[in-house]
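Listed below, chain by chain, are the residues.
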Amino acid sequence: MSDINFNVSYASHRVPMMGRHAVATSQPLAAQAGIRMLQQGGNAVDAAIATAMALTVVEPTGNGIGSDAFAIVWDGRELHGLNASGRAPAAWNPQRFAGHHAMPETGWESVTVPGAVSAWVTLAQRFGTLPLTTLAQPAIDYARHGFPVSPLIGQLWQRGYDKLRHQPGFSDCFAPQGRPPHIGELYRNPAQARTLQQIADTQGESFYRGELAQKMVAFAQQHGAALSLDDLNMHRADWVKLLSRPFAGGSVQELPPNGQGIATLIALGILEAWDIGRYAPDSPQWLHLSIEAMKLALVDLERYVTDEDHLEFPADRLLSADYIRQRAALIDPAQAGDFRFGTPQQSGTVYLSTADASGMMVSFIQSNYMGFGSGVVVPDTGISLQNRGAGFSLDPDHPNRVAGGKRPFHTIIPAFALDGQGQPLMSFGVMGGPMQAQGHLQLALRIMLHRQNPQAAIDAPRWRVVQGREVVFEATIDRNTLSTLRRMGHHVVLEDPLSNYNFGGAQAILRDPQGFYIAATESRKDGQALVF
């Protein structure tokens, strides 16, 4: 029998869902697209692709066809990591951005090569069982026939419109009536339906080497942007070796840089050095140590992480036992610190999870970065382009400095956990920019160490390190606990999670030893966990 605690709960109307097949994501219609594939005999990869494609339609506030993507797949025997993030246009260089204090966050000068389509195609070709045309059909139907805009997405749509309505192509696509759609209003995107059909029919070739590629490049040239056919032609998704950290009798698995997953692993190592399990979840000491460990990890992340091909040293040096001990020793158990990065010795969105009865599990994330991304939408295609170029640095001494053909630092990260026998334990992720590595840490602590059921772990009050000693907490956290943390020197800020959306959106599927799954979805989002 499982030792998961189903008696613990936090403020939520959701309960964990249990079954032999599962899909969990941030929008109900997308979750249902994935379940349909499983019910048609497809596997967890088929379900993940169908869900991801549908999310580009029904949750355009977080992702689109012009997104990047990453995935971790348990194929029934072993784990596989996929980095499908795109690179900077070859013509980009520091001189192009001379006079800027930071990289642009909107418009064509923030657009890197989109990688999500390559993720769908690569996963389908290696692990899928259903045709890509079948997997795309729910998304095509939602785009062609319309879908009612869900509550949270409707609010974010208005925010995106207020910020991006003057970007090329944005309003024609996302505000065709001169305004964003209202909550509950039916929204159709026939151009996106045609594009998704073309991607499916050509196995992605049109997007990177055919008609769709030509449309993207023509629009780029019209606006003086650098994206070229060669940039699109050269793009490939890469299978990568995962980074791993033993934790709570099992291990947590993250993709290597250019993502931020390594920060979760650093923090978990520091917390094991402090024997974090001796403290009760949500207690002041448990929160203090967790926050301090995360702060240490984040300063290293900010200093060192970039495209793996441009790292100053191998990423796993940040995970060495000696280095973790050195960093852990910097924590004062009674006082908040303000840390600097260390120096390792020689020797750093939308999320979905799927699982099927054969044992296959998928952790998948794709994103345009800041909401709708760059705001650029290619006319008559429904292709909204990401603004991942904003992830580069303009610091001439930083390894993440902008350069042509280079991948920028990425916030989006899927996660996976194995048990002590190296078997799958959990597929999980927390979307939401800088919240992601911090969210992974909080879920791993609650589920793996304290055995909270995944819905309770997702519903629990979250915190988010900002900078220095500043920590933002959800307003639902215990006031006495906050008073203790303030006395320890933490600069506590309270935020309402439903008004600013800065605490991320989590999904998790936990494998029970009895052979079924326990799925949970984010109570702060419009999402849904489905099982059968």
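Here the structure is a predicted model, which is why all the values come from computation and not from measurement. Throughout, a residue's number is its position along its own chain's written sequence, starting from 1. The predicted origin of the model limits local features to residues at a pLDDT of at least 70 and limits the giving and counting of side-chain atom pairs to 80 or more, whereas totals for whole chains, interfaces and linings rest on all residues. Hydrogens are left out, water is left out, and the side-chain values use all remaining heavy atoms of the structure.

Participant: Would you mind showing me how to read the overall build of the chain here?
Facilitator: In this description a helix means any DSSP run of H or I spanning at least four residues, a strand means any run of E spanning at least two, and both kinds are numbered starting from the N terminus. When you go through the chain residue by residue, the secondary structure sums to 17 helices and 21 strands. For a compact globule the rule gives 2.2 Å times the number of residues to the power 0.38, and the radius of gyration it is set against comes from C-alpha atoms. A compact globule built from 532 residues would reach a C-alpha radius of gyration of about 24 Å, and the chain, at 22 Å, matches this within 12%. Projected onto its principal axes, the C-alpha positions of the chain cover 60 × 55 × 45 Å. Across the 532 residues of the chain, 64% fall into the buried class. Here the accessible surface of atoms and residues is derived via Shrake-Rupley with a 1.4 Å probe, and residues count as covered only by protein chains that are part of the display. A total of about 18600 Å² of accessible surface is found on the chain, and carbon and sulfur atoms cover 49% of it. In the chain, 41 positive and 47 negative side-chain charges are present, and the distance between their average locations comes to 2 Å. Remark: exposure states derive from per-residue accessible area (1.4 Å probe, protein chains only) relative to the maximum for the residue type, with buried under 20%, exposed over 50%, and partly exposed in between. Residues scored as charged are limited to Lys and Arg (positive) and Asp and Glu (negative), so that His and the chain ends carry no count. Every charge is mapped to an atom, namely NZ of Lys, CZ of Arg, CG of Asp or CD of Glu.

Participant: I keep staring at the packing of aromatic side chains and nothing clicks. Help me out?
Facilitator: Each pair of aromatic rings is reported with the distance of its centres and the angle of its planes. Working definition: a ring pair exists when centres of Phe, Tyr or Trp rings (six-membered ring for Trp) sit within 6.5 Å. Plane angles under 30 degrees give stacked, over 60 give edge-to-face, the rest tilted. For the structure shown, the criterion picks out 12 aromatic pairs. Pairing Phe147 with Tyr187 gives two aromatic rings, centres 6.0 Å apart and planes at 80°, and the pair type is edge-to-face. Of this pair, Phe147 sits in strand β5 (residues 147–148) while Tyr187 is found in strand β6 (residues 186–187), placing the two residues 40 residues apart along the sequence. A single burial state applies to Phe147 and to Tyr187, both of which are buried. Where Phe170 meets Phe372, the ring centres are 5.0 Å apart and the plane angle is 85°; that geometry is what we call edge-to-face. An identical accessibility class is assigned to Phe170 and Phe372; each is buried. Taken together, the ring pairs connect Phe147, Trp157, Phe170, Phe174, Tyr187 and Phe372 into an aromatic cluster.

Participant: I keep staring at empty space enclosed by the protein and nothing clicks. Help me out?
Facilitator: Over the atoms rolls a probe the size of a water molecule, and in doing so it shows where empty space is left. Of the pockets and cavities examined, the second largest cavity occupies roughly 40 Å³. The way it works is a 1 Å grid over only the protein atoms, where trapped points that fit a 1.4 Å probe form a cavity and open points with protein on both sides within 12 Å along at least five of seven lines form a pocket, and then any residue with an atom within 4 Å of a point lines it. Lining the second largest cavity we find Val430, Gly439, Gln442, Leu443, Arg446, Ala457, Ala460, Pro461 and Arg462. If one sorts the elements of the lining of the second largest cavity by residue count, helix α14 (residues 435–449) sits on top with four residues. Residue composition of the lining of the second largest cavity, grouped by class: five nonpolar, two polar and two charged. Grid points are joined across faces, edges and corners, and a volume is the space filled by probe spheres set on the points. Polar here means any residue outside two lists: the nonpolar Ala, Val, Leu, Ile, Met, Phe, Trp, Tyr, Cys and Pro, and the charged Asp, Glu, Lys and Arg; Gly therefore counts as polar.

Participant: What should I look at first to understand the domain arrangement of the chain in this one?
Facilitator: Think of interface size as the accessible area that goes away when the parts come together; that is how it is often given. The domain boundaries here were taken from an automatic or database domain assignment. Split by domain assignment, the chain resolves into domain 1 (29–239 + 350–391) and domain 2 (240–346 + 412–531). Using only C-alpha atoms to locate each centre, domain 1 and domain 2 end up separated by 27 Å. Here a residue-residue contact requires only that any non-hydrogen atoms of the pair lie within 4.5 Å. Counting residues at the interface gives 40 residues for domain 1, matched by 33 residues for domain 2. Carbon and sulfur atoms make up 68% of the surface buried where domain 1 meets domain 2, a total of about 3000 Å² over both sides. Accessible surface is computed with a 1.4 Å probe, and the buried area is the amount of it that two parts give up when combined, taken over both parts together. Taken as a group, Leu152, Tyr351 and Met361 account for 22% of the area that domain 1 buries against domain 2, more than any other trio of residues on that side. Note on definitions: salt bridges are taken to be side-chain nitrogens of Lys or Arg within 4 Å of carboxyl oxygens of Asp or Glu. Remark: the boundary between domain 1 and domain 2 carries zero salt bridges.

Participant: In this structure, what is going on with the pattern of salt bridges? I would like to understand it.
Facilitator: If charged atoms from side chains of opposite charge come close, those side chains can pair. On inspection of all chains with the given rule, the structure shows 18 salt bridges. A salt bridge links Glu292 to Lys295; the nearest nitrogen and oxygen atoms lie 2.7 Å apart. Here Glu292 and its partner Lys295 are both found in helix α12 (residues 284–304), three residues apart, which amounts to about one turn of the helix. When its relative accessible area of 0% is taken as the criterion, Glu292 is described as buried. Given a relative accessible area of 4%, Lys295 falls into the buried group. Glu495 is the salt-bridge partner of Arg464, the closest N and O atoms lying 3.6 Å from each other. With Arg464 in strand β16 (residues 463–465) and Glu495 in strand β18 (residues 491–495), this residue pair connects regions lying 31 residues apart in the sequence. Residue class for Glu495 comes out buried when judged on its relative accessible area of 18%. Among the charged side chains, a salt-bridge network with shared partners connects Arg194, Glu211, Lys215 and Asp380.

Participant: So what exactly am I meant to see when it comes to the sheet that holds strand β17 (residues 470–474) here?
Facilitator: Hydrogen bonds between backbone groups are what pair the strands of a sheet, and the pairing can be parallel or antiparallel. Strand order in this open sheet of three strands is β16-β17-β18, and the pairing throughout is mixed. Every other strand in the sheet has two partners, leaving β16 and β18 as the edge strands with one partner each. For this sheet, the mean angle separating the axes of adjacent strands, direction not counted, is 25°. Two strands pair when backbone bridges link them, and β17 and β18 are joined in this way by five bridges, in the parallel orientation. Directly across from Glu470, in β18, lies its bridge partner His491. Along the sheet, α12 contacts β16 and β17; its crossing angle with β16, the most-contacted strand, is approximately 35°. Strand pairing follows a simple DSSP-based rule, namely that at least 2 bridges must link the two strands. Axis definition: a line fitted to C-alpha atoms, limited for helices to the stretch in contact. Angles are taken between N-to-C directions and run from 0 to 180 degrees.

Participant: I would appreciate a short explanation of the nonpolar core in the present structure.
Facilitator: Where a protein is soluble and globular, its nonpolar side chains tend to be buried together. Counting residues in each nonpolar core, the largest one holds 78 residues, and the members touching the most others are Ile49, Trp108, Trp120, Leu123, Phe207 and Phe364. Here this core gets 11 residues from one element, more than from any other, and that element is helix α2 (residues 44–58). The residues touching Phe207, leaving out its near neighbours within four places in the chain, are Ile65, Pro114, Val117, Ile199, Leu212, Ala213, Met216, Leu232 and Ile383. Counting 70 residues, the second largest nonpolar core, distinct from the first, contains Val252, Leu296, Ile413 and Met448. The definition of a nonpolar core used throughout is a set of buried Ala, Val, Leu, Ile, Met, Phe, Trp, Tyr and Cys residues joined through side-chain atoms within 4.5 Å.

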